[in-house]
Amino acid sequence: MSADRLVDDLWGDDAPANPAGALQVKVSQLRRALDEAEPGARDLVVSIPPGYALRTGPEAVDAARFAQLTAEARETADPRAAAALLTDALALWRGTAYADFADEEFTAPAIARLDEQRLAALEQWAEARLELGEHSLLAGELAELTARHPLRERLRAAHIRALYLAGRQSEALADYADLRDRLADELGLDPSPDLVALYQAILHQDPALSTATTIRTNLPEPLGDLIGREEAVAEVRTLLEKSRLVTLTGSGGVGKTRLALETARGMIFPDGVWLVELAALSGSGLAEAIMAALEIQDTGGADRLAGALRSRNLMLVLDNCEHVIDDVAKLADTLLRQAPKLRILATSQEALALPGESVWSVPPLDVPSPTADLATLDQSSAVRLFVTRAKAAARDFTLDTDTAPAVAMLCRRLDGIPLALELAATRVRALGVHGLVARLDDRFRLLATGHRGAPPRQQTLTAMIDWSWELLGDPERIVLRRLAIHADGCTLDAAEAVCAVPDVLDLLSRLVDRSLVTVAHGPEGPRYRLLESVAAYCVDRMREAGEYDELLDRHRAYYTDLADQAHPHLYGPAQRTWLRRLDAEAANFRTALNLRLANRLTWYWFLRGRLTEARRSLETCLSQPGTASAERATALAWQAGIALLHGDTTDKTTRRETALALLDGDPAGKARAQWFLAYTATDLGDLAVATDLIDQALPVMRQYGDRWGEAAVLSVQAKLAHVRGDLSALGNAAQRSAEIFNALGERWGQLEATGWLGALAELTGDYDEAERRQRDGLVIAEELGLWTEVSTRLSWLGWIALQRGDYAQSRHLCERALRLAVEQAHVPGMVFAEMTLGFAARKDGLIELAETHLRGVLARTSPIDEANPPPHLPMVLAELGFAAGQRGALTEAVELHRRAFTTALTFDAPREHALVAEGLAGALAAAGEHGQAARLLGAAARVRTEKETPLAPAERVDVDRITAMVRAGLGEEAYDAEFKEGAERRFR
C-alpha cells in the first residue's frame, strides 16, 4: 500500500505537518507491537516503494483461510464434511470484520464483501445441517439470524424448512407469509419460484421435503449447553469415523458423560444411537442392560445380543464402565467382532485395552493464567462454565473487576473440573464468589450439595472421589494417598522414595490408567500429579492412616538430598539440565524448605532471577532457632548479597562483616562469599569494598583449586576495570575469565565474560563486535532461561544502538529489558534499562519522557550514599542537565552538570570524567562562560586520547554542538588557546 494511501486512510484531511515522519512512527509502533506479540514478527512489515507491505502467507490471514474452507465445502458432496468445514470456517470469526475501523471509509468495501461471504457460508452451513437431520436445533438457531437479515431468501428458506421438519408447520407457514409481505412492502417483489415451491410443498406435506434419516435414539435431551467442549466434540466425532471403538477416559467429574452424549447427539446411524448407563450395574447383567436399551425382548445373553446386532448399523454409548471394566471389555470385543457395522463410544476412568481401541483422554476445562485480566478471562472455558452456572443460581451475579480475580482463582483451585465448578456455582447465591474462595481449603464441606436430579456420585465432591477410591485395592490406595504429600507433582524417583512400598511403578501405572493420577512426559522423564481436589481428599486419608508427619519428613529428606545433588552441577556443563529439573520441583522445595536446602538453592534462585523467593526463603530459615553455625553463616552471606540486588542497602556493612566473620573457619566457603558480596556491591557504588573483597578471595580460590571461583572473580575485576576505563585490565580479566569458563563448560560464566568483552568493544568504538558479543550472550541467557541476564543483554544492545544514534531501536530494546527486570525485581537491571531509555529519549528530543526515566533511575537507587555513590549517578545527572538546558532552564542545567562533575571525580573513571566535563562545558557555554567551557573541552579531549575511548556518534552530536557554541562565543584564536590550556590540566 502506498504511503500516500496510508496517510489518507489514517488522517484524511487532518494530516500532520510531517505526514511521512508521522507515518514512519506509526509503522515503527506497529512493528514493535508485532515483535512483542511474537519475536521476529516485526519483519512482517516491509518497506517497498512507494510504501509498505504486510508480508504474510495466506494461511496466516483468517480471511484467506475462511475463503479456502468455504470453497472446499462447496466442492464436497458429503453434507457431514461440508458442515464440519463450514463450522471451522465460521469459527474463525471473532465479531464483525474490521470492528475497530467500522466507521472508516477505506474499510467499507472490505467489510461488505466479508459480511456477504459470511452470510453465504451460514446459509450453506444451515442447508448441510438440514441434510443431517438437525432440524430442531436449526429452527431455534436461525431465528435470530433471520430477524437480522429478514430479506435473504436462501436463509429464510432454510429456516422455513427447519421449522416444518421440526414439526412446527404453522410457524413455517407464518414465516413464509412474513417474508412475502416484507418483499412486497419494502422491495415491491414477489418470493422466488423456489420459495413458492417450498411453500406449496409444506401445504401439501410433501414427503420429498425430508432428505435426512430419522434419528432413532434414547439419548436424553440436555438441560443446558455444553460449554468449552466444541473442539472436543469435533475431535471425538472424527475419531468415531475412523475407529469402531472410542473410549473417553478421565477423572471423575471431568465431563466424560456430557461429552459422550453431545458427541453422540450429532451422529446419524440407520439403526440409531443408544445410551446404556452402567453406573448402577454390579456383576452380571451387562448384555441384558444393552438389550433392554435396544428394546430387544428375547433373552440369551451375549450370544443373543451379538446375533441381534450382526446386521445392524448403530452406535452404542456405554457410560461409566470403570467398575465393570473387565466385563465391558469382554463383551465389547465379542460384539465388535460379530457386528461389523457397530460402533461403540465408551466412558470410563480407564481404557478397555482392546485391539483397535482409540482412547481420548478428556482434559479438565482450560483455566485462566494467574496474569489473566477481565478482558481475557472469557477465553477460559472453565470461567465461561462457572459464570453461566453462577448466573443461573444467582441472577445478580456478574463477572466484573471485583469478582474476576476470585473467579479465576476458584477455577484454578478446582483444576477446571466441570462437576466441581458446577457444584461451586450452586453456592454463589449464599456465599458469593469471594466467600467460596475463602472456604476452598474446606472444599469437601463446601461442595456437599449439588443438583437433586444428578446421580448420587455427582451430587457432592466427596461422593465423586469416593466412587473412584472404592474401586482401588489397598496397595493402590497407599500409593495414591502418599503421592498427595508432593506439591505440584513428582518424578518416579521421588514417588518411590516417599511412598516406600514395593512395585511403585506398577501401581502408578494402574492409577494413571484409572485417571486418578495424571502423567506428563518431558525431557527429564515422566512426572506424576494429582488434581488438587484429589490431593486434598488423599491428605485426609493420609491423616486418617496416621502417616502424615512421617511422610513430611521423608519428603523433606528427599528434596534436601536432591538440592545437594544439584548444587555442584549448577556451576558446570550440566547447568541447563539441572536448572530445568529444579524448575519442575519449585513447589516441592517450598514445602520442604530448611536452611540447608535454602543454601543449596540460592544460586539457582539467583540464576533464575527469583530474588524475592531467595530472600524470603533465607529470612524464613534464619528466623528459626537451632540451625548449624556453618549453614547459618553461609545463609547470612547469601542474604546480604541478595538484599543488595533487591536494592536494600540497610546495614549493608554490618550484614557483610557479620557473615564473613562467621566463615573464618571455612576459607574456601569464605572466598566464594567474598566474591558474591563483591559482585552484588559493584552496582551500588561500593567499588573499593568490592575491590578489597576480590583481592582477598582470588589467592584463596587459587590455593584451593576453585577454578569456577577464580573465573568469577576475574569477571568482577573486568567490571571494575570497565568502570575505571582501564581497557588493558578489562580485556585481560575478561579474556582470562572466558577461557576458564569455556574450559569448565559453564554457560552463565561464559555469558558474564562475553558481556565484558562486548563492553570492551563498545568502549573502543567497535560497535559491530560489541553487538555480536552481546547477542551471543543474549542467546545463552534465553537458552538457559536466565531472565535477569536476558534483561541485561537487551539493555546492552539498547546502549549500543544509542551510541550508534538509532534511538528508536534503543528504546524498543530497553523497554523489553525494563519489563523483564521489573518482573524479576532486579534493581541493577531496572537501572540499566531505564537509564538507557532516558538517554535515548533525550537525544531524540523527547525531553519530558527522558526526565521521567532519569528521575525514575534516581528513585530506584535512593537513598544514595554520598560517600559511595552508584557508578551510574554522574551520567544520569549529566543527562538531566542536558534535558534541563534543552527546555531552557539554564540555572538548573548548570547546577546538575556541576553536581555530575563533582560526583564523577569520586570515581577512578576517566570516561565518565570526560562525559560530564563535556556536559558541564555545554551548560557553562549556554550561561556565557565560554573560556571555562573551552578548557573543560580540552581536558576531556586529552582524557579520551590517553584512555583510547573515542566519542560515540551519539556523544559526538552533543560535543560538536557544544564546541560550535564555544567557538562562536570566543572566536577561533581564543578558543584554541583556552582549549590547549585545558588539555594541559588534570581533573581534580
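Just so you know, these numbers come straight off a predicted model, no measurement behind them. (Residues numbered from 1 in each chain as written. Predicted model: local features only at pLDDT ≥ 70, side-chain atom pairs only at ≥ 80, totals over all residues. Heavy atoms only, no water.)

What to know about the nonpolar core
Side chains that are nonpolar tend, in soluble globular proteins, to be buried together.
Thought 1: One finds Phe 386, Trp 603 and Trp 675 to be the most contacted residues of the largest nonpolar core, which totals 225 residues.
Thought 2: It is helix α35 (residues 707-724) that provides the largest number of residues to this core, a total of 10 residues.
Thought 3: Setting aside anything within four residues of it in sequence, one finds Trp 603 in contact with Leu 570, Tyr 571, Trp 638, Trp 675, Phe 676, Trp 708 and Trp 748.
Thought 4: Within the second largest apolar cluster, 36 residues are counted, among which are Leu 69, Ala 73, Leu 119 and Ala 139. (Core = buried A, V, L, I, M, F, W, Y, C linked by side-chain atoms within 4.5 Å. Buried < 20%, exposed > 50% of the residue type's maximum accessible area, 1.4 Å probe, protein only. Helix = DSSP H or I, 4+ residues; strand = E, 2+ residues; numbered from the N terminus. Contact = heavy atoms within 4.5 Å.)

So, the pairing of strand β2 (residues 51-54)
Thought 1: Across four bridges, the pairing between strand β1 (residues 45-48) and β2 is antiparallel. Residue pairing for β2: Val 45 is matched across the bridge by Leu 54.
Thought 2: Connecting β1 to the antiparallel partner β2 that follows it, the hairpin turn spans two residues. (Pairing = 2+ DSSP bridges.)

Concerning the UniProt feature "DNA-binding region" (unreviewed entry) in the protein
Thought 1: Under the UniProt annotation, "DNA-binding region" (unreviewed entry) lies at residues 1-56.
Thought 2: Annotation note: span residues 1-56, helix share 50%, strand share 14%, distance between end C-alpha atoms 14 Å. (UniProt positions renumbered as here; feature names shortened; annotations may be inferred.)

Details of the layout of surface pockets
Thought 1: Counted as a void, the second largest pocket has a volume near 1700 Å³.
Thought 2: Residue assignment for the lining of the second largest pocket shows that the elements contributing at least two residues are α1 (3-11), α2 (19-37), β2, α3 (62-75) and α5 (108-131).
Thought 3: Split by residue class, the lining of the second largest pocket holds 27 nonpolar, four polar and seven charged. (1 Å grid on protein atoms, 1.4 Å probe; cavity = no way out; pocket = protein on both sides within 12 Å on 5 of 7 lines; lining within 4 Å. Points joined across faces, edges and corners; volume = space filled by probe spheres on them. Nonpolar A, V, L, I, M, F, W, Y, C, P; charged D, E, K, R; others polar.)

A short note on the packing of aromatic side chains
Thought 1: Per the counting criterion, the structure on display carries 28 aromatic pairs.
Thought 2: For the ring pair Trp 708 and Phe 741, a centre distance of 6.1 Å and an interplane angle of 75° mean the geometry is edge-to-face. On the criterion of sequence distance, the pair formed by Trp 708 in helix α35 and Phe 741 in helix α36 (residues 727-744) is long-range, its members being 33 residues apart. Accessibility classification places Trp 708 together with Phe 741 in one group, the buried group.
Thought 3: On the basis of an interplanar angle of 35° and a centroid distance of 5.7 Å, the ring pair of Tyr 975 and Phe 979 is categorised as tilted. Taken as a pair, Tyr 975 and Phe 979 lie in helix α48 (residues 972-983) at a separation of four residues, close to a single helical turn.
Thought 4: By relative accessible area, Phe 979 is classed as partly exposed at 26%.
Thought 5: Members of the aromatic cluster, joined through ring pairs, are Tyr 571, Trp 603, Phe 606, Trp 638, Trp 675, Phe 676, Tyr 679, Trp 708, Phe 741 and Trp 748.
Thought 6: The ring of Tyr 548 is capped by Arg 543, whose NZ or CZ atom sits 3.9 Å from the centre of that ring.
Thought 7: Taking NZ or CZ as reference, Arg 672 lies 4.8 Å from the ring centre of Tyr 571, over its face. (Phe/Tyr/Trp six-rings, centres within 6.5 Å; stacked < 30°, edge-to-face > 60°. Lys NZ or Arg CZ within 6 Å of the ring centre and 35° of its normal.)

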